[in-house]
Amino acid sequence: MTFFIYTWFMKAIVLEAADKPVAYKDVDTPIPQPGEVLVKIKAAALNRRDYWITVGQYGGIKYPTILGSDGAGIVTAVGSDEDKHWLNKEVIINPSSGWGDDPNFQAAGTFKILGLPEDGTLAEYVKVEAQQVYPKPAHLNWEQAAAIPLAALTTYRALFTKGKAAKGNKVLITGVGGGTGAWALQLAVAAGCRVFVTSGSGDKLDRARHLGAAAGVNYKAQDWAEQLQQLSGGFDVIVDSALGDGFVKLIELAKPGGRIVIFGGTAGNIPAVNGRKFFYRQLQLLGTMMGTPDDFKAMLDLVNEHKIIPVIDEVFPLVNAGKAIQKMENSSQFGKIVISI
C-alpha cells in the first residue's frame, strides 16, 4: 500500500538530448512501488559525473534523464507497510543500489546509480529503494547533508576499505579542490592520518591547510613530486583521480608497501611505467568505484562521530542547476556545489 498525498507534477532538471542544455520543467511525480520510498528533496549536490553526462562523455547515457546523485530530504510516501517507519523521517540517500554479494566489486547488471540510469535528485521528489535511505546527520543542515553521499562514499572506500589508511599514516590526496578531494582530506584528517595535498591553485592549497592538511604542493611546478618527497619522506596511501603523465611520479612517492588507489582519470591514461618497481617495493595499485552499503554506513558513522561538516563551494536554486553544472567545467570550485530545492 502507498501512503502519500499525490502531486501530479513536480519540477526537475532533465537532460533531454545530447545537443540540448538541461531543461527545468514539469514532469510526473514518481509513485513508490513496494520496497521503495518517496523522498521530498530539500537539497541536492553535483558531482563530476553530472558534468560528463551533460557533455556526452559518460557510458550508457539515455534520454530523457533527471540528473543528480546526491540528495537529502524527507520521506513523504512509502510503497509498502514494512517501510512505514520511514514516513516523515529526515534522510540522506545512498546514490547506488544493487551492489551484489561480493564486497570486492559491484555486480554487473544490477548495480545502478541515481542520475543515470535511474532518475536522480535534481527534482522536487525522487523515489529510491527503502534500503538506500539513512538518517540525516543531526549536526548538519539540508545543504550540508546533501553534500555527503557520492563523494564521501567514494573517498571513504578509497581511503579505508581499499587503501587501509590508519591513524598515523601519511596520505597524499591529489587534486584537493573538487568534492572528492575535499572529502578525502576531511575523512583522512578525522581518522588521524597526516595528510598532504596537491592542487593547481595556491588559494585551494591554503584552504586545504585550513582543513588540516600538513602541507600542499602546486602540481604545476616542475619539481612538485620532489617537493612532496622532501616534505613527507613518502606516502603509505595515495588517492588519485587524475592519472595522466603525473601518475609515474606517484609510484616514486609511494613508500615500500604503499597503496595507490585510483577512482578517476581526468588527466588521461597512465603512460608507460616501470612495473618492476611495484614488485621490488611491494606496492599495490587498487581501483575503486562508489562503495557498498557497509561502506556507506561506516562513512556516516565517521561523519557523525567527528561531527564533520562538508565543504560547500556555492549553493544554487534548482532553476539555476544548469549554471551550476557549467561551473564545473573549469574546476574552479573548492568543495561541493549544492542545489537548494
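In what follows, the structure referred to is the one given above.
None of these values were measured; they are calculated from a predicted model. (Residues numbered from 1 in each chain as written. Predicted model: local features only at pLDDT ≥ 70, side-chain atom pairs only at ≥ 80, totals over all residues. Heavy atoms only, no water.)

**Describing the sheet that holds strand β14 (residues 235-240)**
Part 1 of the argument: Here we have six strands laid out as an open sheet, ordered β13-β12-β11-β14-β15-β16, and parallel in their pairing. Each edge of the sheet is formed by a strand with only one pairing partner; in this case those strands are β13 (215-218) and β16 (284-287). The average undirected angle you get between the axes of adjacent strands in this sheet is 20°.
Part 2 of the argument: The pairing of strand β11 (residues 170-173) with strand β12 (residues 194-199) spans four bridges and is parallel. Following the sheet pairing, Val171 is matched in β12 by Val195.
Part 3 of the argument: Sitting on the sheet, helix α4 (residues 179-190) touches β11 and β12, and the angle it makes with β12 is about 165°. (Pairing = 2+ DSSP bridges. Helix = DSSP H or I, 4+ residues; strand = E, 2+ residues; numbered from the N terminus. Axes fitted to C-alpha atoms, helices over the stretch in contact; angles between N-to-C directions. Contact = heavy atoms within 4.5 Å.)

**Here we look at the packing of helix α3 (residues 149-162) against helix α9 (residues 293-306)**
Part 1 of the argument: Taken N-terminus to C-terminus, the directions of α3 and α9 make an angle of 95°; their axes are 9 Å apart at the nearest point. The angle between α3 and α9 places the two elements in the roughly perpendicular class. Here Pro149, Ala152, Leu153, Tyr156, Arg157, Phe160 and Thr161 of α3 come into contact with α9, specifically with Asp295, Phe296, Ala298, Met299 and Leu302.
Part 2 of the argument: Classifying every residue of the contact of α3 with α9 gives nine nonpolar, one polar and two charged. (Parallel < 35°, antiparallel > 145°, perpendicular 65-115°, else oblique. Nonpolar A, V, L, I, M, F, W, Y, C, P; charged D, E, K, R; others polar.)

**What about α4?**
Part 1 of the argument: Here α4 spans 17 Å end to end across twelve residues, near enough to the 16 Å set by a 1.5 Å rise per residue.
Part 2 of the argument: Along α4, ten of the twelve residues are buried, which leaves the element largely enclosed by surrounding structure.
Part 3 of the argument: Phi for Gly192, located one or two positions after α4, is positive at around 90°. (Expected span 1.5 Å × (residues − 1). Buried < 20%, exposed > 50% of the residue type's maximum accessible area, 1.4 Å probe, protein only.)

**Some thoughts on a nonpolar patch on the surface**
Part 1 of the argument: Taken together, Ile270, Val273 and Leu285 make up a surface patch of nonpolar side chains, about 210 Å² in accessible area.
Part 2 of the argument: With respect to the secondary-structure elements, Leu285 resides in strand β16. (Patch = residues over 30% accessible without salt bridge, like charges linked within 9 Å, V, L, I, M, F, W, Y side chains within 5 Å. Areas by Shrake-Rupley, 256 points an atom, 1.4 Å probe, with all protein chains shown as cover. Salt bridge = Lys/Arg side-chain N within 4 Å of Asp/Glu carboxyl O.)

**Comments concerning the sheet that holds strand β4 (residues 65-66)**
Part 1 of the argument: The three strands are arranged β2-β1-β4 in an open sheet whose pairing can be described as antiparallel. With one partner strand each, in any of the chains shown, β2 (23-28) and β4 form the two edges of the open sheet.
Part 2 of the argument: Taken together, the six bridges between strand β1 (residues 9-15) and β2 define a ladder with antiparallel strand orientation. Note on β2: the bridge partner recorded for Ile13 is Tyr24.

**Considering the side chain of Thr54**
Part 1 of the argument: If you trace the backbone, Thr54 turns up in helix α1 (residues 48-54).
Part 2 of the argument: Excluding its chain neighbours within four sequence positions, the residues that come into contact with Thr54 are Leu15, Val22, Leu67 and Ile325.

**Observations concerning the packing of α3 against α4**
The description of two helices packed together rests on the angle between their axes and the distance between the axes.
Part 1 of the argument: At a minimum axis distance of 9 Å, the contact between α3 and α4 shows a crossing angle of 55°. For the element pair α3 / α4, the angle class is oblique. For the pair α3 and α4, the crossing hand works out as right-handed. Within the contact between the two elements, α3 uses Ala151, Ala152, Thr155, Tyr156, Leu159 and Phe160 and α4 uses Gly179, Thr180, Trp183, Ala184, Leu187 and Ala188.
Part 2 of the argument: Here the residues of the contact of α3 with α4 sort into nine nonpolar, three polar and no charged. (Left-handed = near helix turned anticlockwise from the far one by under 90°.)

**What to know about the nonpolar core**
Part 1 of the argument: Of all hydrophobic cores here, the largest spans 53 residues; its most connected members are Ile148, Leu159, Leu187 and Val197.
Part 2 of the argument: The biggest single contributor to this core is α3, with eight residues.
Part 3 of the argument: Once you skip the residues sitting within four places of it in the chain, Ile148 turns out to touch Ile92, Pro137, Leu140, Leu153, Trp183, Met299, Leu300, Val303 and Pro310. (Core = buried A, V, L, I, M, F, W, Y, C linked by side-chain atoms within 4.5 Å.)

**Thoughts on the side chain of Ser232**
Part 1 of the argument: Structurally, Ser232 is set in helix α6 (residues 224-232).
Part 2 of the argument: Using a relative accessible area of 3% as the deciding quantity, one classes Ser232 as buried.
Part 3 of the argument: A polar atom in the side chain of Ser232 sits 2.7 Å from the backbone oxygen of Leu228.
Part 4 of the argument: Dropping the residues within four chain positions of it, Ser232 is found in contact with Lys170 and Phe196. (Polar contact = N/O pair within 3.5 Å; in protein donor to acceptor, adjacent residues only side chain to side chain.)

**A look at the packing of aromatic side chains**
Part 1 of the argument: Enumeration according to the criterion identifies six aromatic pairs in this entry.
Part 2 of the argument: Arranged with centres 5.6 Å apart and planes meeting at 90°, the rings of Trp99 and Phe111 form a pair that is edge-to-face. Separated by twelve residues along the polypeptide, Trp99 in the loop between β7 (96-97) and β8 (112-113) and Phe111 in the loop between β7 and β8 bring together distant segments of the chain. Summarising the burial analysis for this pair, Trp99 and Phe111 share the class buried.
Part 3 of the argument: Taking the centre distance of 4.9 Å and the plane angle of 55° together, the rings of Tyr156 and Phe160 count as tilted. Taken together, the positions of Tyr156 and Phe160, both in helix α3 and four residues apart, correspond to about one turn of that helix. Taken as a pair, Tyr156 and Phe160 share a single burial class, namely buried.
Part 4 of the argument: If you follow Lys136 out to its NZ or CZ, it ends over the ring of Trp142, 5.3 Å from the centre. (Phe/Tyr/Trp six-rings, centres within 6.5 Å; stacked < 30°, edge-to-face > 60°. Lys NZ or Arg CZ within 6 Å of the ring centre and 35° of its normal.)

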